[in-house]
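If you want the building blocks of each chain, they are given just below.
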Amino acid sequence: MDERGPVRSVLAGVRRSAVAAAAGVHADAPRAGVGRPQARLPRSRRPTAGLPGPETTSPWILMYHSVAVEEHDPYQLTVSPERFAEQIAWLHRRGRRGVSVRELMRARAAGKDDRLVGLTFDDGYADFARYAVPILQAYGFTATAYVVADLLGRDNDWDAEGPRKKLLTVQEVTELAAAGWEIGSHGLGHRSLPGLPADVLATQTRESRRALEEVAGGPVTGFCYPYGAVDLPATLAVRDAGYDYACAIAHSPLTGRYALPRCYVGDRDGAWRLRAKRGRHRLRDTVTELRRHRLAAQHRRSAR
């Protein structure tokens, strides 16, 4: 079965009109349930070989999924619009500005990211446009929506026990990109990448980028690993596909530009929990760096 089929068939009918219309304008994550695999870490003693050198700290990036009202939410992926507005208002009061990861990484390279926090929305739920965007716009914030290239306009059928949620359509993604929101790739079909053959990894990363660039009408430079599941071959495939960065969830030996850790945000997270998660993020940066030094020392000893 051609993994690109769904996107290509949808694009055939609406691409011209959509583009024309737009031209004018986890340790932190909840426990995984059935159908949500845990992140896998590499077994290599030099897990970052071939990747950019690690940094001593990682940017603070918040991980959202759905902003809506749900009575049944077993994966705890939904934040109510009211709670989301409170969380964004808290960031604003603290003197922080929420931005897309694309903007965050550019500011970080220029040494101007001190008061910035990355805002990410996994899976590309349609409620991002309906509820999240108006709240973010009210504060002058931006964000990144990671969408599943082959499932635009469908629903989240990968979450076996969760509520069915509509995903952004091709038209909506085009309009969001035209309005300045970053669109990133979440793979072709929300498939976990660790353990996949090299050719399948290449398809998942390269083809999802190609398809989304057609929809967005511009470069797609960010990737987000489905389920947060990442290993070394996955990071290398993302790098080789031409992405500028990639988001994971947990801190790990791979933490860096192609496995950025993020803080899960849920409906229970008020001001004090967000402050605690910020502190925990810093602590995990420190622990990760200490482990890197220890692994490097072990490698040097074994190489003698």
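Here we summarise the structure given alongside this text. These numbers were taken from a predicted model, which means no experiment stands behind them.

Quick word on the overall build of the protein chain
Move 1: The helix and strand inventory of the protein chain stands at 8 helices and 10 strands.
Move 2: When the 304 residues of the protein chain are sorted by exposure, 51% land in the buried category.
Move 3: Put simply, the protein chain shows about 13,900 Å² of open surface, and 51% of that area lies on carbon and sulfur atoms.

What about the packing of aromatic side chains?
Move 1: The final tally for this structure, using the stated rule, is 8 aromatic pairs.
Move 2: An angle of 85° between the planes, with centres 5.1 Å apart, marks the rings of Tyr64 and Phe84 as edge-to-face. Within this pair, whereas Tyr64 is found in strand 1 (residues 61-64), its partner Phe84 is found in helix 2 (residues 81-93), the two being separated by 20 residues in sequence.
Move 3: Measuring from ring centre to ring centre gives 5.9 Å for Phe128 and Trp181, while their planes differ by 90°; the resulting arrangement is edge-to-face.

Details of helix 5 (residues 170-178)
Move 1: Taken together, the buried positions of helix 5 are occupied by Val170, Val173, Thr174 and Leu176. In an axial view of helix 5, the angular spread of the buried residues amounts to 165°, which keeps them on one side of the axis.
Move 2: Of the residues trailing helix 5, Gly180 is marked for its positive phi of about 105°.

Remarks on the side chain of His251
Move 1: The residue His251 is located in the loop between strand 9 (245-247) and strand 10 (263-264) in this model.
Move 2: The class of His251 is buried, set by a relative accessible area of 17%.
Move 3: Within the local environment of His251, its side chain forms a polar contact with the side chain of Asp285, the two groups lying 2.9 Å apart.

A closer look at the pattern of salt bridges
Move 1: In the structure shown here, the tally under the stated rule is 12 salt bridges.
Move 2: Among the ionic pairs, Lys165 bridges to Glu70, the shortest N-O distance being 2.9 Å. A residue pair is termed long-range when its members are at least 10 positions apart, and Lys165 in the loop between strand 6 (144-147) and helix 5 and Glu70 in the loop between strand 2 (66-67) and strand 3 (78-79) qualify at 95 residues.
Move 3: Between Arg239 and Asp240 there is a salt bridge; the shortest N-O distance is 2.9 Å.
Move 4: Its relative accessible area of 42% is what places Asp240 among the partly exposed residues.
Move 5: Salt bridges sharing partners connect three or more residues here, namely Glu207, Arg210 and Glu214.

Quick word on unusual backbone geometry
Move 1: Positive phi is not limited to glycine here, since Asp123 has a value of about 85°.
Move 2: Checked against the element boundaries, Asp123 lands in the loop between strand 5 (116-121) and helix 4 (127-138).
Move 3: Classification of Asp123 as buried rests on a relative accessible area of 2%.
Move 4: Of note, His190 is a non-glycine position whose phi angle comes to about 60°, a positive value.
Move 5: Locating His190 in the fold gives a position in the loop between strand 7 (182-185) and helix 6 (198-216).
Move 6: Under the relative-accessibility criterion, His190 is labelled buried at 3%.

Some words on the nonpolar core
Move 1: Among the nonpolar cores identified, the biggest contains 55 residues, and Phe84, Leu119, Phe121, Phe128, Leu136 and Tyr225 are the most heavily contacted of them.
Move 2: Of all the elements in the fold, those that place two or more residues in this core are strand 1, helix 2, strand 5, helix 4, strand 6, helix 5, helix 6 and helix 7 (232-240).
Move 3: Excluding residues that lie within four positions of it along the chain, Leu136 makes contacts with Phe84, Ile88, Leu119, Phe121, Phe128, Phe141, Ala143 and Trp181.
Move 4: Counting residues in hydrophobic clusters, the runner-up holds 12 residues, among them Ile61, Tyr146, Cys224 and Tyr245.

Cut-offs applied
- Residues numbered from 1 in each chain as written.
- Predicted model: local features only at pLDDT ≥ 70, side-chain atom pairs only at ≥ 80, totals over all residues.
- Heavy atoms only, no water.
- Helix = DSSP H or I, 4+ residues; strand = E, 2+ residues; numbered from the N terminus.
- Buried < 20%, exposed > 50% of the residue type's maximum accessible area, 1.4 Å probe, protein only.
- Areas by Shrake-Rupley, 256 points an atom, 1.4 Å probe, with all protein chains shown as cover.
- Phe/Tyr/Trp six-rings, centres within 6.5 Å; stacked < 30°, edge-to-face > 60°.
- Arc of directions from axis to C-beta.
- Polar contact = N/O pair within 3.5 Å; in protein donor to acceptor, adjacent residues only side chain to side chain.
- Salt bridge = Lys/Arg side-chain N within 4 Å of Asp/Glu carboxyl O.
- Core = buried A, V, L, I, M, F, W, Y, C linked by side-chain atoms within 4.5 Å.
- Contact = heavy atoms within 4.5 Å.

Nothing here speaks to function; it is geometry throughout.
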